[in-house]
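Examining the three-dimensional arrangement
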Amino acid sequence: MTIRFAPGVRLHHDIARERWVVMAPERMFVPDETALEVLRLVDGARDAEAIIDLLAAKFAAPRAVIATDVQAMLDDLVVKGALRA
Amino acid sequence: MNAPLALLAELTHRCPLHCPYCSNPMELTRASAELTTAEWARVFTEAARLGCLQVHLSGGEPTARRDIVEITAAAHAAGLYTNLITAGVLLDAALMASLVAAGLDHVQLSVQDADPAGAERIGGMKGAHARKEAAARIVRQAGLPLTLNAVVHRQNLQNLPLLIETALAWGAARLEVAHVQYYGWALENRDALLPTREQLDAATRLVDGARIAHRGRLVIDYVVPDYHATRPKPCMGGWGNRFLSVSPAGRVLPCHAAESIAGMEFANIRDTSLRDAWENSEAFNRFRGTAWMPAPCQGCENAERDWGGCRCQAFALTGDAAATDPACALSPHHNLLAEALGEAGALTFRYREFG
């Protein structure tokens, strides 16, 4: 299933504070480095598997390890209302 | 000093509704004194430069302004995430389309009750509830995310399960269940609005259950009432720390209720820049940080967690804006809350209106 940002949610470059924030309706949160890596790959076309493949390649890490972390993170962001699966 | 994250733009005090807990000040600003489109555009540009990321276009009813589309476009052009906080009764598909084209990101729609008759009695406007339902549909059809804001109190908490159903039925991805906060009009109507402990506990249980039941589908934000608390809320995330507000007449406020504190003077955007008001005005600096705090806040381990609670509430209840918020059990005035709860139970409202 493809992963996309929920309506009204997007990554935003906070120029004043030199960081990326997830902008959402009446909320914002600052993703940690790992979350930011994942969120940058959310383009509305990729599914979780594709995101895991890209990150496993990028960090030359065992796919199973990456998969566990990424899946947990995606689930959390879905519960927070930031992503839709 | 931190830079503000969000700006509350109170575009007007005009509103077709008359909610008895309205967060506007008792002394409402007339249309003739409101900032112009160009003045708001300047506020947004300055807010973004100062570090604001979001703007809440509020009121009164923001769509009561004929230039709401231009105002939204100006906020969007400044790079701000734009949120319209509306009662929805003036919204139609044509206006919605213009707002989307102007760059609107999100709509927060208020609802006074789940039961139309109750909603119309509380809001003081006939036919309002059906118009709100139509507004929700228009927002969703335009593809925008919707938050339903349900202000809850003694006279509508029995309908909280239906309010949650309403949020789902109307297509909201987010529901704010906000217990009334007691300033201004709400303080006037406190005896009619304060919930009982049993009502509060039942509401909290319901929200906890609904969060689990609708996980991934509906996010529920829950604002609890101070009057049953033992620790104060971290009001505004600290005075002059994260938020600022601009009133319809251009006054730059640390929070939207700050004008209720007698004797405070606020910079006006017509005379100064937003940055100057934020950094240098006496009003913003008076309660910034922790140095101003009296005992028992001074040295308290929670001082930078709850910031001594709410200055407006401290003033409203004790007459001293620098006092510890009586919502804190350590406040020498904490008994005032129990006394107010003991007196609650009135049925009739004093409706919000221009004086």
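Before any of the text, the structure's been laid out above.
Per chain, residues are indexed from 1 in the order of the written sequence. Labels follow written order: the first chain is A, the first ligand is 1, and so on. Only residues with pLDDT of 70 or above have their local features reported here, since the model is predicted, and side-chain atom pairs are shown and tallied only from 80 upward, although totals for entire chains, interfaces and linings are computed over all residues. Based on all heavy atoms of the structure, the side-chain values leave hydrogens and waters out of the count.

The subject of this paragraph is the overall build of chain B. Counting from the N terminus, the helices are DSSP H or I runs at least four residues long and the strands are E runs at least two residues long. Within chain B, the regular secondary structure consists of 14 helices and nine strands. Taken against the 2.2 N^0.38 rule, which gives 20 Å for 355 residues, the C-alpha radius of gyration of chain B at 20 Å falls within 12% of a compact globule. Principal-axis analysis of the C-alpha atoms gives chain B an extent of 55 × 50 × 40 Å. Counting across all 355 residues of chain B, residues that qualify as buried make up 57%. Residue contacts are defined here by distance: any two heavy atoms, one from each residue, within 4.5 Å place the two residues in contact. In chain B, 73% of the contacts between residues at least 6 apart in sequence involve partners at least 24 apart. For every accessible area listed, the method is Shrake-Rupley and the probe measures 1.4 Å; residues are considered covered only by the protein chains on display. Carbon and sulfur atoms make up 53% of the accessible area of chain B, which amounts to about 13800 Å² in all. By the counting rule applied here, Lys and Arg register as positive and Asp and Glu as negative, while His and the ends of each chain are not counted. For this purpose, a charge sits on NZ of Lys, CZ of Arg, CG of Asp or CD of Glu. Treating the 32 positive side-chain charges of chain B as one cloud and the 37 negative ones as another, the clouds have centres 3 Å apart. Only the C-alpha atoms count toward the radius of gyration. The rule for a globule is 2.2 Å times the residue count to the power 0.38. Each residue's exposure class comes from its accessible area (1.4 Å probe, protein chains only) as a fraction of the maximum for that residue type: buried when under 20%, exposed when over 50%, partly exposed otherwise.

Residue and element names in this part refer to chain B. Centre distance within 6.5 Å is the pairing criterion for rings of Phe, Tyr and Trp, where only the six-membered ring of Trp is used; planes under 30 degrees apart are then read as stacked, over 60 as edge-to-face, and the remainder as tilted. Applying the stated rule across the entire model yields six aromatic pairs over all chains. Ring geometry for Trp 40 against Phe 44: centres 5.9 Å apart, planes inclined by 25°, an arrangement best described as stacked. Placement of the pair is Trp 40 and Phe 44 together in helix H1 (residues 37–50), with a separation of four residues, close to one helical turn. By the burial criterion, Trp 40 is buried, and Phe 44 matches it. Taken together, the ring pairs connect Trp 239, Phe 287 and Trp 292 into an aromatic cluster. The positively charged end of Arg 288 is found above the aromatic ring belonging to Trp 278, 4.9 Å away from the centroid. Here the basic side chain of Arg 311 rests over the ring of Phe 287, its NZ or CZ set 5.9 Å away from the ring centre. Remark: a charge is flagged as sitting over a ring if the NZ atom of Lys or the CZ atom of Arg is within 6 Å of the ring centre and within 35 degrees of the ring normal.

Keep in mind these numbers describe shape, not what the thing actually does.
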